[in-house]
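Here is how the chains run, residue by residue.
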Amino acid sequence: MKPINLLSIIQAFRSLDSGLFQKLMNNYGINVAKGMRDYELDGIRMLTEELLKHEDVSVTDGYYLGFSIPQIGKEFDLLRFGEDNIINIEIKSESSFEKIQKQQIRNRYYLSFLNKEIHIYTYISGENKLYKLVSGPTVSTSTEVKMSELYDKLLKQVVVTDMNIDEVFNPSDYLVSPFNSTEKFINENYFLTIQQENIYDNVQEILDKPNVAFIAITGNAGTGKTLLTYHIAKKNQQKGFRVLILHCAQLNNGHNILKENWGWNISMPRYAPEINDFDVIIIDEAQRLYPSQFNKIVESVKRLNKKCIFSYDEKQYLHDNEKNRNIKGKIEAELKFPPFKLTDKIRTNKEISYFIKQLLNKNKNISDIKYPNIDFLYCKDQKSAKVLLNMMHQKGWKVPNYTPGTRTFFNYEKYRSEDVDSAHSVIGQEFEKVVVVLDETFKYNSSGELVANNNYYSQKQMLYQIITRAIKKLHVIVINNEVMLNRCIQILK
């Protein structure tokens, strides 16, 4: 995205036909049809006219219009970067004071990671009023100010435009995990996306009613399902509800912190307490339930008039039996409301997402994508692979292993790294830098789909579980497999 001059854009908006105006905006990296609406552009026109009453036209230059933080989807109407500060201006035709303040506080949170002085304004075009966020030691509030204040701030700002704005923001700063950023999660140093907020409001409305209820939340890897699920649990505990979480995988360190430091009730289903003493029962990674466990939970919820939330992703299974149990179908048969589905990818960045899609199916080829955060190495044997994996682990990379057997030694255990985590123990977690292994067992079938020789666990599904934990960087180690090496080269070339 390129910075724009507001005066130029507004003159183009008023005089050009829509097709040519769209082409002009595309040149700046702005999709008007998808993003900015006419009332916002009209509001920008009115703001520009107000600013120009103070005569210096330089205050209309150097703005990023409709910028959205990669992965997160948080959008700003106008951003202007200075050497030591940032000015953010939001445009509304009308709004309530509460909504103005809420958005300004949220915007300050997202901009605060850039470590610059922040000035946040909201212009209400229908009233020709300007509001500024004033931050105190403990409380921030919005207050009406004169246009001359904004003009002075813009005039004094030493504008910076020679930067790649997409690289200014680090999406991982905002991706708070209940497990990997537990303190931030507990202290509510995060915001939900609009989609997450809408689902939360709908779920909470159901939970606040006295009737027995089954609720389903679903979404693919990277859509923020875990954060939303645990946010619901936290908010209901704050409301005084007794909440039990049944996590259908190994409990991780974040679970233990929530239990030991904050008194949360979290258990694996096999060790679950009786639900009599709880108001809300949340089943996390519910797709991995055994039918007997599912039936017991459903019967108890109905008999005791409880609320039950199933949170699941049907693609995240580690044993073929888990897929064949069709827990998704059993869950949906109990619902009075359609599942709440998260669709927006907020954790996995686009290049990793595109790489995964193409790796899983050799017939999917996505052009014009750069992969600066993905790399690979080739090893001839398992011994050298183990050396490289341990080296990556020592350098700070997360190197989850394929899950070892309890009674059987699997071939992939020969290159097991020093990392203590496996595909089973990283379920629901996220890491900035992840290493995955493609060994000799991986190949493509006649339909072009990636397959692997199954041991007790599905190695392909373990790969999927591990690779979808990556937030920012991915490193692939190929062991004695020319087919996989060639495919990685083909994707990344």
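Before reading further, recall that the structure is shown in the block above.
Residues numbered from 1 in each chain as written. Predicted model: local features only at pLDDT ≥ 70, side-chain atom pairs only at ≥ 80, totals over all residues. Heavy atoms only, no water.

> Explain a positive patch on the surface here, please?
Taken together, the side chains of Lys315, Lys341, Lys345, Lys357 and Lys364 define a basic patch exposed on the protein surface. Position of Lys364 relative to the elements: it lies in the loop between helix H14 (350–360) and strand E14 (374–379). The exposure class assigned to Lys364 is partly exposed, which follows from its relative accessible area of 46%. (Patch = residues over 30% accessible without salt bridge, like charges linked within 9 Å, V, L, I, M, F, W, Y side chains within 5 Å. Areas by Shrake-Rupley, 256 points an atom, 1.4 Å probe, with all protein chains shown as cover. Salt bridge = Lys/Arg side-chain N within 4 Å of Asp/Glu carboxyl O. Lys, Arg positive; Asp, Glu negative; His and termini not counted. Charge placed at Lys NZ, Arg CZ, Asp CG, Glu CD. Helix = DSSP H or I, 4+ residues; strand = E, 2+ residues; numbered from the N terminus. Buried < 20%, exposed > 50% of the residue type's maximum accessible area, 1.4 Å probe, protein only.)

> Help me understand the packing of aromatic side chains in this model?
By convention here, two paired aromatic rings are described through the distance between centres and the angle between planes. Considering all chains together, one arrives at 21 aromatic pairs under this definition. Where Phe179 meets Tyr230, the ring centres are 5.1 Å apart and the plane angle is 85°; that geometry is what we call edge-to-face. Here Tyr230 lies in helix H9 (residues 225–238) and Phe179 lies in the loop between helix H6 (165–168) and helix H7 (182–186), a separation of 51 residues in the sequence. Judged on exposure class, the residue Phe179 and its partner Tyr230 are both buried. Measuring from centroid to centroid gives 6.2 Å for Tyr230 and Trp264, while their planes differ by 10°, and the two rings are stacked. Taken as a pair, Tyr230 in helix H9 and Trp264 in the loop between helix H10 (253–262) and strand E10 (265–267) lie far apart in primary sequence, 34 residues in all. When sorted by exposure, Tyr230 lands in the same class as Trp264, which is buried. What links up through ring pairs into an aromatic cluster is the set Tyr109, Tyr110, Phe113, Tyr174 and Phe191. Directly above the aromatic system of Tyr63 lies the positively charged group of Arg80, at a separation of 5.2 Å from the ring centroid. (Phe/Tyr/Trp six-rings, centres within 6.5 Å; stacked < 30°, edge-to-face > 60°. Lys NZ or Arg CZ within 6 Å of the ring centre and 35° of its normal.)

> Please clarify how the pattern of salt bridges should be interpreted in this entry.
Pairs can form between side chains of opposite charge once their charged atoms are near each other. A full pass over the atoms with the stated rule returns 17 salt bridges. Of the charged contacts, one joins Glu334 and Lys302 as a salt bridge, the two residues approaching to 3.0 Å between their closest N and O atoms. Of this pair, Glu334 sits in the loop between helix H13 (327–333) and strand E13 (340–342) while Lys302 sits in helix H11 (residues 291–304); the two residues are 32 residues apart in sequence, bridging distant segments of the chain.

> It is not clear to me how the packing of H14 against helix H16 (residues 459–467) should be interpreted in this structure. Could you clarify?
Packing of H14 against H16 leaves a shortest axis separation of 12 Å and a crossing angle of 170°. Here H14 is positioned roughly antiparallel relative to H16, judged by the angle of their axes. Facing Phe355, Ile356, Leu359 and Leu360 of H14, the residues of H16 in contact are Lys460, Tyr464 and Ile467. Classifying every residue of the contact of H14 with H16 by side-chain character gives six nonpolar, no polar and one charged. (Axes fitted to C-alpha atoms, helices over the stretch in contact; angles between N-to-C directions. Parallel < 35°, antiparallel > 145°, perpendicular 65-115°, else oblique. Contact = heavy atoms within 4.5 Å. Nonpolar A, V, L, I, M, F, W, Y, C, P; charged D, E, K, R; others polar.)

> What am I meant to see in the sheet that holds strand E18 (residues 470–479) here?
To summarise the sheet geometry, strands pair through backbone hydrogen bonds and adopt either a parallel or an antiparallel arrangement. Across the sheet, three strands lie side by side as E14-E18-E15; this open sheet has parallel pairing. Every interior strand has two partners, whereas the edge strands, E14 and strand E15 (431–438), have only one. The mean inter-strand angle of the sheet, taken between neighbouring strand axes irrespective of direction, is 20°. Where E15 meets E18, seven bridges bridge the pair, whose relative direction is parallel. From the neighbouring strand, Val436 faces E18, where its bridge partner is Val476. Against the sheet, H14 engages E14, E15 and E18, with an angle of about 35° to E18. Along the sheet, H16 contacts E15 and E18; its crossing angle with E15, the most-contacted strand, is approximately 160°. (Pairing = 2+ DSSP bridges.)

> Any chance you could explain the environment of Leu47 here in plain terms?
Mapping Leu47 onto the fold places it in helix H3 (residues 38–52). For the pair Leu47 and Gly19, spaced 28 residues apart in the sequence, the C-alpha separation amounts to 24 Å.

> I keep staring at the sheet that holds strand E8 (residues 213–219) and nothing clicks. Help me out?
Strand order in this open sheet of six strands is E10-E9-E11-E12-E8-E13, and the pairing throughout is parallel. In this open sheet, the two strands that pair with only one neighbour each are E10 and E13. On average, each strand axis in the sheet is inclined to that of its neighbour by 15°, with strand direction left out of account. Sheet topology places strand E11 (residues 280–284) next to strand E12 (residues 307–312); five bridges connect them, and they run parallel. Bridging across to E12, Asp284 finds its partner in Ser311. Docked against the sheet, helix H8 (residues 194–207) engages E8, E11, E12 and E13, running at close to 160° with respect to E13.

> Got a minute to help me understand unusual backbone geometry in this structure?
Trans peptide bonds make up most of the peptide bonds, and negative phi angles are found at most residues other than glycine. Phi at Asn326 is positive, roughly 55°, even though this residue is not glycine. Of note, Asn326 is situated in the loop between helix H12 (320–324) and H13. Its identity as a non-glycine residue notwithstanding, Asn480 has a phi of 45°, on the positive side.

> It is not clear to me how the nonpolar core should be interpreted in this structure. Could you clarify?
What tends to happen in soluble globular proteins is that the nonpolar side chains get buried as a cluster. The biggest cluster of nonpolar side chains holds 48 residues, and the ones touching the most others in it are Phe355, Tyr402, Leu438 and Leu474. Formed by 46 residues, the second largest nonpolar core is a distinct cluster that contains Phe185, Ile215, Leu258 and Trp264. (Core = buried A, V, L, I, M, F, W, Y, C linked by side-chain atoms within 4.5 Å.)

> What's the story with the environment of Gln316 in this structure? I'm lost.
Looking at where Gln316 falls in the secondary structure, it is placed in the loop between E12 and H12. A relative accessible area of 4% places Gln316 in the buried class. Considered as a pair, Gln316 and Glu149 are 167 residues apart in the sequence and their alpha carbons are 53 Å apart. For Gln316, the residues in contact, after removing those within four places along its chain, are Ala221, Gln287, Arg288, Tyr464, Gln465, Thr468 and Arg469.

> I'm lost on the pairing of strand E7 (residues 140–145) in this one. Help?
The side chains of a regular strand alternate between both faces of the sheet. Bridging between strand E6 (residues 129–135) and E7 involves six bridges; their strand directions are antiparallel. Counterpart to Lys132 in the pairing with E7 is Thr143. Taking the residues that link successive antiparallel strands as the turn, the E6-E7 hairpin has four residues.

> Help me out: how do you make sense of the side chain of Glu50 in this one?
Along the polypeptide, Glu50 turns up in helix H3. Setting aside residues up to four positions removed in sequence, Glu50 forms contacts with Tyr123, Asn128 and Met147.

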